[in-house]
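Coordinate inspection notes
So the chains spell out like this:
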Amino acid sequence: MAPLLEVRKVTCRFGALEALADVDFQLREGEILGIIGPNGAGKTTLFNVITGSIRPSAGEVIFQGRKITGERPYRICRLGIARTSQIARPFPGLTVRENVLIAAAYGKGLSLDRARSEAGEILTSVGLGAVADLTPTAISPASRRRLELARALATGPRALLLDENMAGLTSGEIGEMLGLLNGLRERGISMVVVEHIIKAVMGISDRIIVLDHGHKIAEGRPHEVAADPQVVVAYLGRRYA
Amino acid sequence: MNLRIVIGLTSCAALIALPLFFGGYAIRLATLTIMWVGLATCWNLLSGYARYIDFGSVVYFGIGSYIAFLVMARLEQSFWVALILAAVASGLIALAIGIPTLRLKGAYFAIATFAFAEALKQVALEWDNLTGMSLLGGSHGATFPINTSSAFFYYVFLALTAGILTITILTERSAFGYALKAIAQDEDAAEGVGVNTARAKAQAYAISASFLGMYGATESYWLTYITPSSVFDVHITIQMVIMTLLGGMGTVLGPAVGAAFLYLVSEMLWARFLYVYMAMVGLIIIGVILFMPQGIVGSLRGGFPKPHKEA
Ligand SMILES: Nc1ncnc2c1ncn2[C@@H]1O[C@H](COP(=O)(O)OP(=O)(O)OP(=O)(O)O)[C@@H](O)[C@H]1O
Ligand SMILES: [Mg+2]
């Protein structure tokens, strides 16, 4: 079966810096793909290229068999790719519910009334039902992470890109988030998960790719990747040495 | 809610009946107040909701004025034809100008719109000299056919202002309104959840430009004599900005309250303190902005800190 999302030989330069160098990968239907790599490896840049907020210097991104490089971000969102940001970026002047509603109205193309009820359901499903009418500044950082997820989900994605969505959470909160993500997979949403918390990403991912200085240095099942000597040196080394 | 409807209907009835009971200065005052309420409301649609600060809004007022002059004085068509063409021309020019300039952020957008308005003023001033035509009248100005019915202009302005206020209320209640607010807060995040930000901004800009064009057409016909310096006057833009800031950006009633407040206060002070009234107006503006940073309406409604509940 053709992959849902395919990144082909993507290179992304910022001046002299090569943030991504010839990166290839595929995300299959129903899969959770983990991406790990040290700070500055290019993980966020890769998401920016996929969602259209940065144009790559070379290479292309294919989604459901169609080239999406060069499309505007709102188009890519409506086609079915949603993301959460590494730094949560809710609209601070809108309520939690309105934050999600706007994603349902525009990303999914629902009428305002249907978007409102959709937002209510999604907020309940991620455990934010009780704070739906507060502003994002009035909820806890952990709740803001869930809001980021809820807003991405409201756009009705086929592929969901999560950028360190578990950073700063307690181990209990991480467990809950992993539970949510497993539930989403069962509903047929494929995911790319960027995460520094190795245990979490190893546990949930079907496959892992490792980025280092913009290069993909390893790819495989979690246990294979963890045993790869190159990976141990580049990334795990510092912690597992 | 019921009370609001009652108050709304009563004030509508009072506004419609006003020319039956008043004339002269009172009707003139009411007409100008309604005009400024409308102009500030136009400015608020893009600049208040999406926070794209337009510093050249007067350009569409000026375009509407000269379109009306061409249609009525040169082509000898009715005011209604002029009004429609002023709206259409202003809206189309706004799309042509807005699509490239609305990519600019912050001060750059303000400067670009300001420059466009100044440039068009120069074009209107020099057109006849440059082309050898006698079309716009240059700095000598342009004269309209005369209509002496003050009630006529009162009702046209009332209808225009009712129109742009209705559009603002509908915007506030629609996905479009949320899109504009989201653009104000984080444009990239708005685009990331599926908002076609370029389109939403261009729509708001063009709607407000169409109305500004109609206001220009109507006021010019009312005054019967215009020059490029009078209808492309940057002070008209500044008034719209200050009125909206005073009342509260991004609210339905803010610009209306700010406009009515500033216009009526200026009128009162001007009549009594001819020489120092500008300084007094300045002090009042500074006072409101210092003590009500959200504007009059914004401070009355949301000025009290919301309870912060950790969840
Ligand atoms: N818009 C940009 N302009 C210039 N340089 C950039 C830009 N975005 C990213 N970079 C650089 O590209 C490199 C990769 O950054 P990126 O944010 O993708 O890393 P990351 O893998 O997400 O790191 P982290 O784990 O810290 O989030 C870094 O050196 C960064 O400074
Ligand atoms: Mg990152």
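Here's the deal with the overall build of chain B
Scanning chain B for helices and strands turns up 14 helices and 2 strands. Taken against the 2.2 N^0.38 rule, which gives 19 Å for 311 residues, the C-alpha radius of gyration of chain B at 20 Å falls within 12% of a compact globule. Seen along its three principal axes, the alpha-carbon backbone of chain B occupies a region of about 70 × 45 × 40 Å. By the burial criterion, 51% of the 311 residues in chain B qualify as buried. Long-range pairs, those at least 24 residues apart, make up 77% of the contacts in chain B between residues at least 6 apart in sequence. Counting every atom, chain B has about 14800 Å² of accessible surface; 71% of that belongs to carbon and sulfur. Averaging the coordinates of the 15 positive side-chain charges in chain B and doing the same for the 14 negative ones gives two points 10 Å apart.

Quick look at the overall build of chain A
When you go through chain A residue by residue, the secondary structure sums to 9 helices and 10 strands. The C-alpha radius of gyration computed for chain A amounts to 18 Å, which stays within 12% of the reference 18 Å derived for 241 residues, consistent with globular compactness. The principal-axis extent of the C-alpha atoms belonging to chain A is close to 50 × 40 × 35 Å. In chain A, the share of contacts with a sequence separation of at least 24, taken over all contacts with a separation of at least 6, comes to 65%. Accessible area of chain A: about 10000 Å², with a carbon and sulfur share of 50%. For chain A, the distance from the average position of its 30 positive side-chain charges to the average position of its 25 negative side-chain charges is 4 Å.

Describing the sheet that holds strand β5 (residues 66-67) of chain A
All names here are of chain A. Strand order in the open sheet formed by 4 strands is β2-β1-β4-β5, with antiparallel pairing between adjacent strands. Two strands in the sheet have a free side with no partner beyond their single neighbour: β2 (17-27) and β5. With 5 bridges connecting them, strand β1 (residues 5-14) and strand β4 (residues 58-63) associate as antiparallel partners. Across the sheet, the residue bridging to Leu5 is Phe63, located in β4.

A short note on the nonpolar core
Counting 151 residues, the largest nonpolar core has Leu149, Leu160 and Met191 of chain A together with Trp36, Leu39, Tyr60 and Tyr215 of chain B as its most contacted members. Among the elements that take part in this core, helix α2 (residues 24-48) of chain B stands out by supplying 14 residues, more than any other. Two domains share this core, each providing at least three of its residues, namely domain 1 (5-80 + 157-240) and domain 2 (89-154) of chain A. Residue contacts for Leu149 of chain A: discarding those within four places in its chain leaves Thr84, Val126, Leu160, Leu162, Asn165, Met177, Leu180, Leu181 and Leu184 of chain A. Counting residues in hydrophobic clusters, the runner-up holds 27 residues, among them Leu27, Val61, Ile81 and Leu211 of chain A.

Here we look at the sheet that holds strand β8 (residues 190-194) of chain A
Residue and element names in this part refer to chain A. Here 6 strands make up an open sheet; going across it, the order is β6-β7-β8-β3-β9-β10 and the pairing mixed. The strands lining the two open edges of the sheet, one partner per strand, are β6 (81-84) and β10 (215-220). Between one strand axis and the next, the sheet turns by 15° as a mean value, whatever way the strands run. Examined bridge by bridge, strand β3 (residues 32-36) and strand β9 (residues 207-212) share 4 bridges and lie parallel to one another.

Observations concerning the coordination of the magnesium ion (ligand 2)
Residues and elements named next belong to chain A. Bound to the magnesium ion (ligand 2) are the protein donor atoms Thr44 (OG1) and Gln86 (OE1), situated 1.9 to 2.2 Å from the metal. With Thr44 in helix α1 (residues 43-50) and Gln86 in the loop between β6 and α3 (96-107), this residue pair connects regions lying 42 residues apart in the sequence. Here Thr44 falls in the partly exposed class, since its relative accessible area comes to 26%.

Regarding the pattern of salt bridges
All names here are of chain A. Summed over all chains, the structure comprises 21 salt bridges over all chains. The closest approach of N and O atoms between Arg13 and Glu18, which form a salt bridge, is 3.5 Å. By relative accessible area, which is 46% here, Arg13 ends up partly exposed. With its nearest N and O atoms 3.0 Å apart, the salt bridge here joins Glu71 to Arg66. Shared partners join several salt bridges into a network, and the residues in it are Arg28, Glu31, Arg207, Lys216 and Glu219.

Here's the deal with the domain arrangement of chain A
Residue and element names in this part refer to chain A. Splitting chain A by domain gives domain 1 (5-80 + 157-240) and domain 2 (89-154). Using C-alpha coordinates to define each centre, domain 1 is positioned 24 Å away from domain 2. Contacts between domain 1 and domain 2 engage 16 residues on the former and 11 residues on the latter. Of the roughly 1100 Å² buried between domain 1 and domain 2, counting both surfaces, carbon and sulfur atoms make up 64%.

Let's talk about the site of ligand 1
Residues and elements named next belong to chain A. Around ligand 1, the structure places 14 residues, and the nearest of them are Asn39, Lys43, Thr44, Thr45 and Gln86. One of the backbone nitrogen or oxygen atoms of Gly40 is found 2.9 Å away from an oxygen atom of ligand 1. Burial of ligand 1 by the surrounding chains reaches 63%, relative to a free accessible area of 630 Å². When contributions to the shell around ligand 1 are tallied by element, the ones reaching two or more residues are β2 and α1. In terms of residues, the shell around ligand 1 owes the most to one element, α1, which gives 3 residues. For the shell around ligand 1, the per-class residue count stands at 5 nonpolar, 7 polar and 2 charged.

Reading the values: rules and limits
Residues numbered from 1 in each chain as written. Chains lettered and ligands numbered in written order. Predicted model: local features only at pLDDT ≥ 70, side-chain atom pairs only at ≥ 80, totals over all residues. Heavy atoms only, no water. Helix = DSSP H or I, 4+ residues; strand = E, 2+ residues; numbered from the N terminus. Rg over C-alpha atoms; globule rule 2.2 N^0.38 Å. Buried < 20%, exposed > 50% of the residue type's maximum accessible area, 1.4 Å probe, protein only. Contact = heavy atoms within 4.5 Å. Areas by Shrake-Rupley, 256 points an atom, 1.4 Å probe, with all protein chains shown as cover. Lys, Arg positive; Asp, Glu negative; His and termini not counted. Charge placed at Lys NZ, Arg CZ, Asp CG, Glu CD. Pairing = 2+ DSSP bridges. Core = buried A, V, L, I, M, F, W, Y, C linked by side-chain atoms within 4.5 Å. Domains from an automatic or database assignment. Axes fitted to C-alpha atoms, helices over the stretch in contact; angles between N-to-C directions. Donors = N, O, S within 2.8 Å, 3.2 Å for Na, K, Ca; no water. Salt bridge = Lys/Arg side-chain N within 4 Å of Asp/Glu carboxyl O. Buried area = accessible area lost by both parts, 1.4 Å probe. Near = heavy atom within 4 Å. Polar contact = N/O pair within 3.5 Å; in protein donor to acceptor, adjacent residues only side chain to side chain. Nonpolar A, V, L, I, M, F, W, Y, C, P; charged D, E, K, R; others polar.

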